[in-house]
Amino acid sequence: MAQFSNFPAATDSDYENATTFLIQNTNGDTRLANLSGLNNNIFGDIQTTFLTILSANILTLNSVPVELIAAQGAGTTIEIMSVSVRATYKAAAYATNTNLQILTSGATNAQFDSASILTSTVNAHWKLAANEPTIAGNTQLIENAAVNVTVATGDPTAGNSDIEVYAMYRVIQL
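Residues numbered from 1 in each chain as written. Predicted model: local features only at pLDDT ≥ 70, side-chain atom pairs only at ≥ 80, totals over all residues. Heavy atoms only, no water.

**Student:** Teacher, can you tell me more about the pattern of salt bridges here?
**Tutor:** Any two side chains of opposite charge can pair, so long as their charged atoms come close to each other. For the coordinates displayed, the defined rule picks out three salt bridges. The partner of R86 in a salt bridge is E164, with the nearest N and O atoms 3.0 Å apart. Here R86, found in strand β5 (residues 76–88), pairs with E164, found in strand β11 (residues 162–173); they are 78 residues apart in sequence, far enough to count as distant. Given the relative accessible area of 35%, R86 is considered partly exposed. Residue classification places E164 among the buried positions, given a relative accessible area of 16%. In this structure, K90 and D162 form a salt bridge, with 3.2 Å as the shortest nitrogen-oxygen distance. Here the residue K90 occupies a position in the loop between β5 and β6 (100–104), and D162 occupies one in strand β11, the gap between them amounting to 72 residues. Note on K90: relative accessible area 47%, which makes it partly exposed. For D162, a relative accessible area of 18% gives the class buried. (Salt bridge = Lys/Arg side-chain N within 4 Å of Asp/Glu carboxyl O. Helix = DSSP H or I, 4+ residues; strand = E, 2+ residues; numbered from the N terminus. Buried < 20%, exposed > 50% of the residue type's maximum accessible area, 1.4 Å probe, protein only.)

Quick look at the structure:
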């Protein structure tokens, strides 16, 4: 590994405020890098979003899905990378139509879902499972479409708990 003897000693505040730094590749070449370049090249345009859905809206999630991420325009699609849902249990779990989905508008398959979080009888925070379409003609990522929180069939009944949805996603340029 190369020694950098021509550089002054760094203090803790130098590291905390650093936006550029030296990196060394496996060939031993040293390059200057910056945080925005690192983010663009390694992490891409990873974004996060958070949404609280009140019980009154959960009771209509099939007939009136709640938008999690707005459509991003022509030539783009939204890929959800990770989703977790936090349920704050009040007094009654939802009784029917409880397959919570993160679904691109117009798609036939949800990107993520959970058959159990709405039926929870305790405060819970769960990571949802990613789905893969199993039928050749099904769709999941749709150009210029919003991503919604919904349930698979019919509106839920009987429940009164709120949920919070946390998602990490990227917008893909097609």
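**Student:** Is there a simple way to explain the sheet that holds β5 in this structure?
**Tutor:** Read across the open sheet, the four strands follow the order β3-β11-β5-β8; overall the sheet is antiparallel. With partners counted over all chains shown, the strands left at the sheet margins are β3 (46–53) and β8 (124–127), one partner each. Taken over all neighbouring pairs, the strand axes of this sheet differ in orientation by 25° on average, direction set aside. Both β5 and β11 contribute to a ladder of 12 bridges, which runs antiparallel. Note that in β11 the partner of T88 across the bridge is D162. (Pairing = 2+ DSSP bridges. Axes fitted to C-alpha atoms, helices over the stretch in contact; angles between N-to-C directions.)

**Student:** Which parts of the structure should I look at to understand a nonpolar patch on the surface?
**Tutor:** On the surface, I46, M81 and M168 cluster together into a nonpolar patch covering about 210 Å² of accessible area. The topology assignment puts I46 in strand β3. (Patch = residues over 30% accessible without salt bridge, like charges linked within 9 Å, V, L, I, M, F, W, Y side chains within 5 Å. Areas by Shrake-Rupley, 256 points an atom, 1.4 Å probe, with all protein chains shown as cover.)

**Student:** It is not clear to me how the sheet that holds strand β4 (residues 66–69) should be interpreted in this structure. Could you clarify?
**Tutor:** With antiparallel pairing, the five strands of this open sheet are ordered in space as β4-β10-β6-β7-β9. If you trace the sheet from one side to the other, it starts and ends with β4 and β9 (129–130), each paired once. As paired elements, strand β7 (residues 112–114) and β9 share two bridges and run antiparallel to each other. Bridge pairing in β9 places F112 opposite A130.

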